Structures are given as C-alpha cells and as structure tokens.
Amino acid sequence: MPAQSLHKVAVLGATGSIGASALDVVARHPDRYRATVLASGRNVDALLALCAVHRPDHAVVADTGLYARLRDGLKEAGLPTHAHAGDGALDQLVASGACDIVVAAIVGAAGLSSTLSAARAGKRLLLANKESLVLAGELLTAAADVAGAEIIPIDSEHNAIFQCLRSRRAQAEVRRIVLTASGGPFRGRTRAELARVTREQAVAHPKWSMGPKISVDSATLMNKGLELIEAHHLFGVPRERLGVLVHPQSLVHSLVEFVDGSTLAQLGLPDMRTSLAVGLGWPERIDSGVAGLDLLAHPKLEFEAPDLEAFPCLRLAIQAMQAGGTAPAMLNAANEVAVSAFLQGKIGFLSIPALVESTLAALPATSADSLEALLAADAQARRVTERNLAGHVPAMSIHHHE
Ligand code: NAD
Ligand code: MG
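Thresholds applied
- Residues numbered from 1 in each chain as written.
- Chains lettered and ligands numbered in written order.
- Predicted model: local features only at pLDDT ≥ 70, side-chain atom pairs only at ≥ 80, totals over all residues.
- Heavy atoms only, no water.
- UniProt positions renumbered as here; feature names shortened; annotations may be inferred.
- Near = heavy atom within 4 Å.
- Polar contact = N/O pair within 3.5 Å; in protein donor to acceptor, adjacent residues only side chain to side chain.
- Areas by Shrake-Rupley, 256 points an atom, 1.4 Å probe, with all protein chains shown as cover.
- Helix = DSSP H or I, 4+ residues; strand = E, 2+ residues; numbered from the N terminus.
- Nonpolar A, V, L, I, M, F, W, Y, C, P; charged D, E, K, R; others polar.
- Domains from an automatic or database assignment.
- Pairing = 2+ DSSP bridges.
- Axes fitted to C-alpha atoms, helices over the stretch in contact; angles between N-to-C directions.
- Buried < 20%, exposed > 50% of the residue type's maximum accessible area, 1.4 Å probe, protein only.
- Contact = heavy atoms within 4.5 Å.
- Donors = N, O, S within 2.8 Å, 3.2 Å for Na, K, Ca; no water.
- Buried area = accessible area lost by both parts, 1.4 Å probe.
- Salt bridge = Lys/Arg side-chain N within 4 Å of Asp/Glu carboxyl O.
- Phe/Tyr/Trp six-rings, centres within 6.5 Å; stacked < 30°, edge-to-face > 60°.

The name an unreviewed UniProt entry assigns to the protein chain is 1-deoxy-D-xylulose 5-phosphate reductoisomerase, from the organism Pseudoxanthomonas putridarboris. Its UniProt record, at the heading Catalytic activity (unreviewed entry), says of the protein chain: "2-C-methyl-D-erythritol 4-phosphate + NADP(+) = 1-deoxy-D-xylulose 5-phosphate + NADPH + H(+)".

Structural data, given as structure tokens:
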C-alpha cells in the first residue's frame, strides 16, 4: 500500500464493539483513511447514525427486509451513501474497488462469507471475526495466500503474537506460543458456584468491554479455546507448541518463546484500538488514542494455569482442535447456538459446555476439504444442538429461592 494514498476502509460489523473502535481510529487519521463501506446486521438506526458521522459511500444491512428503511433513512438525512442489503451485496462490495482495507468484525460464522470474499480479492484484512478461522481456517488462509491478501489479526492475543513475530509466520525458531487469558468474570469459581451465575454476571467482563457473545465466551473460556484454533491457523503452529496462561491483569497480551530462550511479549492497556491501529498502519505505527502503560500504576503481573475442571469449554476446544476436520466447525456452531440460548435466558451457564459436549459426541469428526463440507457440518451441529436445547432449563428457575 503506497503511504501517500487515502485508504478506503470497509468496516463490517460497524455497529458493534470492534466496529466502534475501528471507526474511532480511522477518524483520528482523516489524511490517511476514510470509512467508505459500513455494514451491520439488523440495527438500521445505529447504522444510519454512523453514516451521518462518517459519510461512507456505501451502507449495507444484512437483513434484506430492512433495505427500504436504510435507503429512506439515508435519503431523509440527505446523505450521499448508497444503500445495500443482504450477504451477496456485502460480498460483492468487499471484493470491489469500494475498499482496500477490510475490518472483518461481524460476530459468529455469519462473518465467514464476507471475510473469505475480502481474502479472495486480495484486500488487507484486519481479522477480528475469529469464528471464520475456527470454521474454515485452512481455506481462509489459503485463499489469502493465493490472492496476496495480507491478514493482520485483530484479536488482542494474536495481534500481540503478530507484533512479536513481525509477521504471520512462526518459523522453526519459535519454540512455543503462549496465549494469555484474563480468566473472565468467574475466575477462581468452582463448578457448583458456576451453576448459579446469571447472564448479567457473565457479560460483565472485568477487563474488556466487548459484545455479548464474546463476553460469554470469555466467561466459559470457550473464547480461549477458539483462540488456540485461531492461532494454529494464523501462525501455522502445531497444537503442541501452543499454550494458555491465565493472567488476570490483562496487560500482557501474549508471549512468543524462541529457541534461544528469549521470550517476547506485547504489553498494553486492554483497549482494542491498539490492535486496530497496528492493523491499519502496519508496518508503520500510528496514534490509536490509547494511553501508554504505566507499570508503576500496575506493579503486579500474575500468571496461573487455567482450570479445565470448572471450565470444560477450553478442554472441548482443545479436543476439537486435535480431532481436526469438521470438529472445530461443529464446536463453533454448537457454541453459537448454546450461547444465544443462554443470552435469551433459556438455559443456565453450565448447559453451554454440556450442549457443546453432547453435540460433539453425537457427531464424530470427518475430514473436510471443501467449504460445502464445513458449512454442512456447521448446519448439522446447529440442528443437533437446537434439538438438545429442549432438555436444558434456565439456571434461575432451579435456584429461584436464591
Ligand atoms: P458485537 O456484538 O459488539 O458486534 C457485532 C457486529 O456484527 C454488529 O455490528 C452486528 O450488527 C454485526 N452482525 C451480527 N450479525 C450479522 C450478520 N448476520 N451480518 C452482518 N453483520 C452482522 O461484537 P464484537 O464484540 O464487536 O465482536 C465482533 C467480532 O470480533 C467477534 O467475532 C469477536 O469474537 C471478535 N473480537 C472482539 C473483541 C472485542 O473486544 N469486542 C476482541 C477480540 C475479538
Ligand atoms: Mg482475544
């Protein structure tokens, strides 16, 4: 990318938490970046509000039933932005000359299609949507390599590793990669205590402000499991060279150990704008709006092993990674269904790992070398998990007296 030109940035998932952080960094550098495409799921009002501020060339809503509301809203506001709706429209725009940088920040497997489209079109891909890597990591990284698309991981741990390696390739000189985990809001709790936790407690992350789905994943530690699979694909590291350390302060974002005994780590305040600024500016460093780290204000950095007894989701993800093939896609799909049910108050917290485990037990992994096979496994795992949901009850109805 030539340094002088004004980069056109597409923000997919613009109305979400990562979307807001990305637009904040973009708006700090009007001489370098312009948000030209904004896309969201169903929240038209929030998308219209962002269009009024950032005046993109294109706005896309995923739900085609909302197209007229978006088009009329843009017209009423006197904005020059073109309205679009549906996944197909988004995939086309992402691959077109409308953008040269794509921030992939849609939540869940719903983000796979547009992420793949950006990779195939050779865009610089700022990849926050970890579910697309879990579901189709080999296909996605291969598509990016073929098209010369530069993937810059936005997930803070992977962005930290990327900074330590100064690349997306962990060569033989890398002995081990260790992902740090905050431990989430329930660190230190036993399984019995976890049976009673509420939705509100689960989404109240102690260190990071994030969307509801990833917040629940952080509370179950499924997030760290998804991130191990993400790291395996991004950096081409075998499973046995990947580790996890719980680090409650969330200041060390991950570590890379080299064969000579050196360990490099990246530190910073927990604010996703740092990762996004790295992704936008790399290899240059640009202002993100995030303050530097004052270690005297944070003199204590602690590390502990994850508790796989209390948090079985991490174990299930490691097993799925080892099984390979369709297993990670099914793990992700079952988890999306279970987390959505938990957020709707339909099941208790411990039903999340229970549902994922029974889906994986019911559907043995098969090899998967095509997108069709992976999408079929995703759909099948969703059906099985939906069916099993009926047998699970909300935690609150059991423990109503508390
Ligand atoms: P969020 O819930 O705040 O935002 C999700 C965005 O996706 C919204 O704009 C929503 O409208 C859009 N969306 C949802 N379904 C869609 C669909 N079918 N089609 C198009 N758009 C759709 O989520 P978030 O916290 O911003 O997370 C986004 C992604 O980034 C997730 O994959 C998450 O794991 C990853 N991530 C987030 C953080 C964080 O700090 N928030 C950190 C690391 C990774
Ligand atoms: Mg992360």
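Structure shown, so let's carry the discussion forward.
**Q** Break down the site of ligand 1 for me, with residues and values.
**A** The full set close to ligand 1 counts 23 residues, and Thr 15, Ser 17, Gly 41, Glu 131 and Gly 211 are the nearest of them. Here an oxygen atom of ligand 1 and a backbone polar atom of Ser 17 are 2.9 Å apart. In the environment of ligand 1, an oxygen atom lies 2.8 Å from a nitrogen or oxygen atom belonging to the backbone of Gly 41. Isolated, ligand 1 exposes 830 Å² of accessible area, and the fraction of that covered by the protein chains is 85%. Elements with a minimum of two residues in the shell around ligand 1: α1 (17-27), α6 (130-147) and α10 (212-220). Across the shell around ligand 1, the residue classes break down as 12 nonpolar, 8 polar and 3 charged. Formed jointly, the shell around ligand 1 draws a minimum of three residues from each of two domains, domain 1 (7-153) and domain 2 (184-220 + 307-391).

**Q** How would you explain the sheet that holds strand β2 (residues 33-40) if you had to name every residue and give the values?
**A** Reading across the sheet, the 7 strands line up as β4-β3-β2-β1-β5-β6-β7 and stay open at both edges, with parallel pairing between neighbours. Looking along the sheet, the strands with just one partner apiece sit at the ends: β4 (82-85) and β7 (151-153). When strand polarity is set aside, the average angle formed by the axes of neighbouring strands in this sheet is 20 degrees. Where strand β1 (residues 7-12) meets β2, 6 bridges bridge the pair, whose relative direction is parallel. Among the inter-strand pairings, Ala 10 is bridged to a residue of β2, identified as Val 37.

**Q** Hey, could you go over the UniProt feature "binding site: 1-deoxy-D-xylulose 5-phosphate" (unreviewed entry) in the protein chain for me, with residue numbers and the actual values?
**A** With numbering aligned to this structure, UniProt lists the feature "binding site: 1-deoxy-D-xylulose 5-phosphate" (unreviewed entry) at Lys 130, Ser 156, Glu 157, Ser 182, His 205, Ser 218, Asn 223, Lys 224 and Glu 227. Position of Asn 223 among the secondary structure elements: in helix α11 (residues 222-235). Given a relative accessible area of 6%, Asn 223 falls into the buried group. With sequence-adjacent residues up to four places away left out, Asn 223 is seen in contact with Lys 130, Ile 214, Asp 217 and Ser 218.

**Q** Go over the coordination of the magnesium ion (ligand 2) with me, naming the residues and quoting the values.
**A** All of the protein donors around the magnesium ion (ligand 2) are Asp 155 (OD), Glu 157 (OE) and Glu 227 (OE); their distances to the metal are 2.1 to 2.2 Å. Mapped onto the sequence, the residues coordinating the magnesium ion (ligand 2) show the spacing D-x1-E-x69-E. With Glu 157 in helix α7 (residues 156-165) and Glu 227 in helix α11, the pair connects residues that are 70 residues apart, well separated along the chain. For Glu 157, a relative accessible area of 8% gives the class buried. For Glu 227, a relative accessible area of 1% corresponds to the buried category.

**Q** Residues and numbers for the domain arrangement of the protein chain, please.
**A** Taken as a whole, the protein chain is organised into domain 1 (7-153) and domain 2 (184-220 + 307-391). Domain 1 puts 13 residues into the contact, and the matching count from domain 2 is 16 residues. Summing both partners gives a buried area of about 970 Å² for domain 1 against domain 2, and 68% of it is carried by carbon and sulfur. It is Val 134, Leu 135 and Leu 139 in domain 1 that bury the most area against domain 2; as a group they hold 44% of the surface buried on that side. In this structure, the connection of domain 1 to domain 2 is made through 1 salt bridge.

**Q** Describe the packing of aromatic side chains, naming the residues involved and giving the relevant values.
**A** All chains considered together, the criterion is met by 3 aromatic pairs. Plain terms: the ring middles of Phe 186 and Phe 349 are 5.2 Å apart, the flat faces sit at 85 degrees to each other, and that makes the pair edge-to-face. Of the two residues, Phe 186 is situated in the loop between β8 (174-181) and α8 (191-194) and Phe 349 in the loop between α14 (327-343) and α15 (351-362); the sequence distance between them amounts to 163 residues. The pair Phe 186 / Phe 349 is uniform in exposure class, with both members buried. Grouping aromatic residues by their ring pairs yields a cluster made of Phe 186, Phe 342 and Phe 349.

**Q** Break down the environment of Glu 76 for me, with residues and values.
**A** Mapping Glu 76 onto the fold places it in helix α3 (residues 67-76). Through-space distance from the C-alpha of Glu 76 to that of Ser 113 is 31 Å; in sequence the pair is 37 residues apart.

**Q** Describe in detail helix α5 (residues 112-120), supporting the description with residues and values.
**A** Burial runs high along α5: 7 of the 9 residues are buried. Looking at the buried residues of α5, the elements they touch are β1, α4 (87-95), β5 (101-104), β6 (124-127), α6 and α16 (371-389). Immediately downstream of α5, the backbone of Gly 122 shows phi near 75 degrees, a positive value.

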